[in-house]
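Listed here are the chains, written in short residue letters.
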Amino acid sequence: MATTFGTVSTVIGLGTSSSFSAPKRTCLTSGFVKSSVAVRNPLMQARASGGKFTCSFQRDWLRRDFNVIGFGLIGWLAPSSIPVIDGKSLTGLFFESIGAELAHFPSPPALTSQFWLWLITWHFGLFVCLTFGQIGFKGRTEDYFEK
């Protein structure tokens, strides 16, 4: 086996040397450190768990359920569509501001535009509704609220 490596040195070593040599270990010395320290590859160190990473974190941590997304969206669209802001709804104002901003499309919305207020308010309400929906739905299916 060793003679095979010696004969194909131009392929293995990509040079003209005729013998195969193992990589040398480099030793670092310093005036602050008395002994020499061998350079180690941190990726090749043996791990305590036999080279496998162990994790107790659940793989399916989100546990997404399309019922939560559907009911959460409906649960937010219904109250946000009630006309309580000068006879207009939050959803209506948000969609109206989208149309107004698309009218001058290549230029972005101004920082003083009402679009940003309606965007942030509408999405904040949606995410709160989805979060509570996830907590309530998963808590009920896993009997979290039972005594």
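In what follows, the structure referred to is the one given above.
Residues numbered from 1 in each chain as written. Predicted model: local features only at pLDDT ≥ 70, side-chain atom pairs only at ≥ 80, totals over all residues. Heavy atoms only, no water.

> Please set out the packing of aromatic side chains residue by residue, giving values where relevant.
To describe a pair of aromatic rings, you give the distance between the ring centres and the angle between the ring planes. The final tally for this structure, using the stated rule, is six aromatic pairs. When the centroid spacing of 6.3 Å and the interplanar angle of 20° are considered together, the rings of F94 and F115 count as stacked. Residue F94 is located in helix 4 (residues 90-102), and its partner F115 is located in helix 5 (residues 114-141); the two are separated by 21 residues in the primary sequence. Of the two residues examined, F94 and F115, each falls in the buried class. A ring pair is formed by F95 and W122, whose centres lie 6.4 Å apart and whose planes are at 45°; its orientation type is tilted. One end of the pair, F95, is in helix 4; the other, W122, is in helix 5, with 27 residues separating them in the sequence. Residue classification places F95 among the partly exposed residues on the basis of a relative accessible area of 47%. According to the relative accessible area criterion, W122 is buried, its value standing at 8%. (Phe/Tyr/Trp six-rings, centres within 6.5 Å; stacked < 30°, edge-to-face > 60°. Helix = DSSP H or I, 4+ residues; strand = E, 2+ residues; numbered from the N terminus. Buried < 20%, exposed > 50% of the residue type's maximum accessible area, 1.4 Å probe, protein only.)

> Before we move on, could you go through the nonpolar core and cite the residues and values that matter?
Inside soluble globular proteins, nonpolar side chains tend to come together where they are buried. Membership of the largest hydrophobic core is limited to eight residues, which are W76, L90, L93, F94, F115, W118, W122 and L126. Of all the elements in the fold, those that place two or more residues in this core are helix 4 and helix 5. The element best represented in this core is helix 5, accounting for four residues. Setting aside chain neighbours within four positions, we find W122 in contact with W76, L77, S80, L90, T91 and F94. (Core = buried A, V, L, I, M, F, W, Y, C linked by side-chain atoms within 4.5 Å. Contact = heavy atoms within 4.5 Å.)

> Tell me about a nonpolar patch on the surface, residues and numbers included.
Taken together, the side chains of F124, V128, F132, I135, Y144 and F145 present a nonpolar region at the surface, about 720 Å² in accessible area. By the element assignment, F124 lies in helix 5. (Patch = residues over 30% accessible without salt bridge, like charges linked within 9 Å, V, L, I, M, F, W, Y side chains within 5 Å. Areas by Shrake-Rupley, 256 points an atom, 1.4 Å probe, with all protein chains shown as cover. Salt bridge = Lys/Arg side-chain N within 4 Å of Asp/Glu carboxyl O.)

> Let's hear about helix 4: which residues, and what values?
When the terminal C-alpha atoms of helix 4 are compared, their 18 Å separation across 13 residues agrees well with the 18 Å that a helix rising 1.5 Å per residue should span. Among the structural elements, helix 3 (66-80) and helix 5 are those in contact with the buried residues of helix 4. (Expected span 1.5 Å × (residues − 1).)

> A description of the packing of helix 4 against helix 5 should follow, citing residues and the corresponding values.
A pair of packed helices is captured by two measures, namely the crossing angle of their axes and the spacing between those axes. Contact geometry of helix 4 with helix 5 gives a least axis separation of 9 Å together with a crossing angle of 140°. As the angle between them shows, helix 4 and helix 5 are arranged oblique. The two elements helix 4 and helix 5 cross, and the hand of that crossing is left-handed. Two secondary-structure elements touch here, helix 4 through L90, T91, L93, F94, S97, I98 and E101 and helix 5 through F115, W118, L119, T121, W122 and H123. (Axes fitted to C-alpha atoms, helices over the stretch in contact; angles between N-to-C directions. Parallel < 35°, antiparallel > 145°, perpendicular 65-115°, else oblique. Left-handed = near helix turned anticlockwise from the far one by under 90°.)

> Would you mind going over helix 5 in detail, with residue names and values included?
A rise of 1.5 Å per residue sets the reference length of helix 5, with its 28 residues, at 40 Å; its end C-alpha atoms lie 40 Å apart and thus fit the reference within 8%. For helix 5, the complete set of buried residues consists of F115, W118, W122, G125, L126, K138 and G139. Packing partners of the buried residues in helix 5 comprise helix 3 and helix 4. With a side-chain oxygen lying 3.2 Å from the backbone nitrogen of F115, the N-terminal cap of helix 5 falls on S113. (Polar contact = N/O pair within 3.5 Å; in protein donor to acceptor, adjacent residues only side chain to side chain.)

> Tell me about the environment of F145, and please be specific about residues and values.
Here F145 is to be found in the segment after helix 5. Once you skip the residues sitting within four places of it in the chain, F145 turns out to touch I135, G136, G139 and R140.

> Which residues make up unusual backbone geometry, and what values go with them?
Even without glycine at this site, D86 takes up a positive phi of about 55°. Locating D86 in the fold gives a position in the loop between helix 3 and helix 4. One non-glycine residue with positive phi stands out, namely D143, at about 55°. With respect to the element layout, D143 can be found in the segment after helix 5.

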